[in-house]
Amino acid sequence: MDKMRQFGYLLQSRMAQVLYGRNGFDNMARTSYMTAFVLLVINLFAQNAVIYFLWVALLGYACFRIFSKNISKRYAENQKFMSMTEMPRKYMKLAVLQWRDRATSRYYICKGCHQQIRVPKGKGRIEIRCPKCGERFIKKT
Ligand SMILES: [Zn+2]
């Protein structure tokens, strides 16, 4: 067990050494990497040349980001990526919450400020007031 831990530390410090002065795993690299992994799994069954090409491209792009030395440029790209994907990420998180609490609550996103609002289920038609910006809207729960 001790040997395992030692090996873990060694691996970690090696990683830190390798990634010193490099961009490392940012959100964009992680997304490319994860998407590449999903494509790999899909292609185990699909065996499609286009998917294979996409897999190589995404993996290559992830590596390019991780080992890039132009950190400020990669940072700016990552920020842009995060703001561009803010809404889909919000809706995805919402879908997960919606599913998790499907027995007790419903979730909405305020049209005014995109704040996430949780309301108890089974109240019929109610007026919801956004606690952040005060926008009112009517929903059936
Ligand atoms: Zn609002």
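The preceding data block contains the structure.
Residues numbered from 1 in each chain as written. Predicted model: local features only at pLDDT ≥ 70, side-chain atom pairs only at ≥ 80, totals over all residues. Heavy atoms only, no water.

**Q** Would you take a moment to explain helix 4 (residues 71–84) for this structure?
**A** Compared with an ideal rise of 1.5 Å per residue, which puts 14 residues at 20 Å, helix 4 spans 20 Å between its outermost C-alpha atoms and is within 8% of the ideal. Among the residues of helix 4, Arg74, Asn78 and Phe81 are the ones counted as buried. When helix 4 is viewed along its axis, its buried side chains cluster within an angular range of 60 degrees and face the same direction. Opposite the buried face of helix 4, by more than 90 degrees, sit the exposed residues Ser72, Tyr75, Lys80 and Met84. (Helix = DSSP H or I, 4+ residues; strand = E, 2+ residues; numbered from the N terminus. Expected span 1.5 Å × (residues − 1). Buried < 20%, exposed > 50% of the residue type's maximum accessible area, 1.4 Å probe, protein only. Arc of directions from axis to C-beta.)

**Q** What am I meant to see in the nonpolar core here?
**A** Side chains of nonpolar character tend, in soluble globular proteins, to be buried together. Counting residues in each nonpolar core, the largest one holds seven residues, listed as Tyr108, Cys110, Ile117, Val119, Ile128, Cys130 and Phe137. What Tyr108 contacts, discounting residues up to four positions off in sequence, is Gln115, Gln116, Ile117, Val119, Ile128, Phe137, Lys139, Lys140 and Thr141. (Core = buried A, V, L, I, M, F, W, Y, C linked by side-chain atoms within 4.5 Å. Contact = heavy atoms within 4.5 Å.)

**Q** Just checking my understanding: could you explain the coordination of the zinc ion for this structure?
**A** Geometry reference: four tetrahedral donors at a metal, ideal angle 109.5 degrees. Six octahedral donors, ideal angles 90 or 180 degrees. Coordination of the zinc ion by the protein involves Cys110 (SG), Cys113 (SG), Cys130 (SG) and Cys133 (SG), with metal-donor separations of 2.3 Å. Relative to the metal, the four donor atoms surrounding the zinc ion lie at angles of 105 to 114 degrees, and the coordination shape comes out tetrahedral. Along the chain, the residues donating to the zinc ion fall in the pattern C-x2-C-x16-C-x2-C. Look at Cys113 and you get partly exposed, because its relative accessible area is 22%. (Donors = N, O, S within 2.8 Å, 3.2 Å for Na, K, Ca; no water. Tetrahedral: all angles 85-135°; square planar, octahedral: opposite > 155°, others 65-115°.)

**Q** Any chance you could explain the packing of helix 3 (residues 49–67) against helix 4 here in plain terms?
**A** The relative placement of two packed helices is expressed as an angle between their axes plus a distance between the axes. The contact between helix 3 and helix 4 brings their axes to 9 Å, and the two run at 125 degrees. Classified by the angle between their axes, helix 3 and helix 4 sit oblique to one another. On helix 4, the residues touching Tyr61, Phe64 and Arg65 of helix 3 are Arg74, Glu77 and Asn78. The residue makeup of the contact of helix 3 with helix 4, split by class, is two nonpolar, one polar and three charged. (Axes fitted to C-alpha atoms, helices over the stretch in contact; angles between N-to-C directions. Parallel < 35°, antiparallel > 145°, perpendicular 65-115°, else oblique. Nonpolar A, V, L, I, M, F, W, Y, C, P; charged D, E, K, R; others polar.)

**Q** Would you mind showing me how to read the environment of Ala62 here?
**A** When you line up the elements, Ala62 lands in helix 3. Here Ala62 falls in the buried class, since its relative accessible area comes to 1%. Put simply, Ala62 and Ala29 are 33 residues apart on the chain and 4.5 Å apart in space, counted from C-alpha to C-alpha. Other than its neighbours up to four places away in sequence, Ala62 contacts Ala29, Ser32 and Tyr33.

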